[in-house]
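What follows is the residue order along each chain.
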Amino acid sequence: GAVVSQHPSWVICKSGTSVKIECRSLDFQATTMFWYRQFPKQSLMLMATSNEGSKATYEQGVEKDKFLINHASLTLSTLTVTSAHPEDSSFYICSASQPNQPQHFGDGTRLSIL
Amino acid sequence: QQPVQSPQAVILREGEDAVINCSSSKALYSVHWYRQKHGEAPVFLMILLKGGEQKGHDKISASFNEKKQQSSLYLTASQLSYSGTYFCGTESRGGADGLTFGKGTHLIIQP
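My aim in this report is to walk through the structure given alongside it, one point at a time. (Residues numbered from 1 in each chain as written. Chains lettered and ligands numbered in written order. Predicted model: local features only at pLDDT ≥ 70, side-chain atom pairs only at ≥ 80, totals over all residues. Heavy atoms only, no water.)

1. A short note on the packing of aromatic side chains
Geometry of an aromatic ring pair is reported as the spacing of the ring centres plus the angle between the planes.
Moving on, step 1. According to the stated counting rule, one finds nine aromatic pairs over all chains in the structure shown.
Moving on, step 2. Geometrically, the ring pair formed by Phe105(A) and Tyr34(B) is edge-to-face, given 4.9 Å between the ring centres and 85 degrees between the ring planes. Highlighted residues: Phe105(A) in strand 10 (residues 104–105) and Tyr34(B) in strand 4 (residues 30–36), drawn from two different chains. Each member of the pair, Phe105(A) as well as Tyr34(B), is classed as buried.
Moving on, step 3. Put simply, the rings of Phe34(A), Tyr36(A), Phe105(A), Tyr34(B), Phe44(B), Phe87(B) and Phe101(B) touch in pairs and so form one group of aromatic residues.
Moving on, step 4. A cation over a ring is seen here: Arg110(A) above Phe91(A), with NZ or CZ 4.8 Å from the ring centre. (Phe/Tyr/Trp six-rings, centres within 6.5 Å; stacked < 30°, edge-to-face > 60°. Helix = DSSP H or I, 4+ residues; strand = E, 2+ residues; numbered from the N terminus. Buried < 20%, exposed > 50% of the residue type's maximum accessible area, 1.4 Å probe, protein only. Lys NZ or Arg CZ within 6 Å of the ring centre and 35° of its normal.)

Below you can see the structure in the form of structure tokens.
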């Protein structure tokens, strides 16, 4: 089946650091990639939708200047959490899709900001 | 709007059946079902598209009533491995929308 690779799987860093998370579709070309965030004991919440070659669309309440998304190719999207703070600690999950196909999720990145 | 899942949690003995419901106030194009184990990413179970359909594999099946904007996930003869949190994710437009997830249903299967 379709494979989506997410890297790194776990990051621990100091407050103020910027962290980059990569999401790769390994065996298909993903026209759209999605970034979700999941706080402990909560559901997944869509942060942004990323289409290759165009600017990401952010959900209400998600700061686009803080969560920078780049979707430079059909197989790679990156999420950069800039100047991360403890309240940004969360499980970040990407998914990739093709038109009229179910999304395929990466394994997630656990981000802990000290 | 976030779809509403019920029940919030359920505890079963191995071999018993469970039904998890997902209800939306919006017209839906599709409903996706996922299971998530603690500390892991969600795992895709199945997708149901508008037009009203039922799907299943092994002992897990689901139905989608487009008119009622509801979907149900059926787990029959539950196994220990079925434990986890089940999320339904909905989309109103086919193609390139992100999913809106319900709050999840916690399922615990006891031996």
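2. Remarks on the interface of chain A and chain B
Moving on, step 1. Across the contact, 20 residues belong to chain A and 20 residues belong to chain B.
Moving on, step 2. Summed over both partners, the interface of chain A with chain B buries about 1,400 Å², with 59% contributed by carbon and sulfur atoms.
Moving on, step 3. Taken together, the links from chain A to chain B amount to zero salt bridges.
Moving on, step 4. Secondary-structure elements contributing two or more residues to the side of chain A that touches chain B are strand 4 (32–38), strand 5 (44–51) and strand 9 (90–97) of chain A.
Moving on, step 5. Here the element with the most residues in the side of chain A that touches chain B is strand 4 of chain A; it accounts for four residues. (Contact = heavy atoms within 4.5 Å. Buried area = accessible area lost by both parts, 1.4 Å probe. Salt bridge = Lys/Arg side-chain N within 4 Å of Asp/Glu carboxyl O.)

3. Notes on the sheet that holds strand 1 (residues 4–7) of chain A
All names here are of chain A.
Moving on, step 1. The four strands are arranged 1-3-8-7 in an open sheet whose pairing can be described as antiparallel. Edge positions in the open sheet fall to strand 1 and strand 7 (67–73), since each of these has one partner strand only. When the angles between neighbouring strand axes are averaged without regard to direction, this sheet yields 15 degrees.
Moving on, step 2. Two elements, strand 1 and strand 3 (residues 19–25), share four bridges in a ladder whose sense is antiparallel. Each residue of the ladder has a partner; that of Gln6, found in strand 3, is Cys23. (Pairing = 2+ DSSP bridges. Axes fitted to C-alpha atoms, helices over the stretch in contact; angles between N-to-C directions.)

In short, the description is geometric, and any link to function would need to be established separately.
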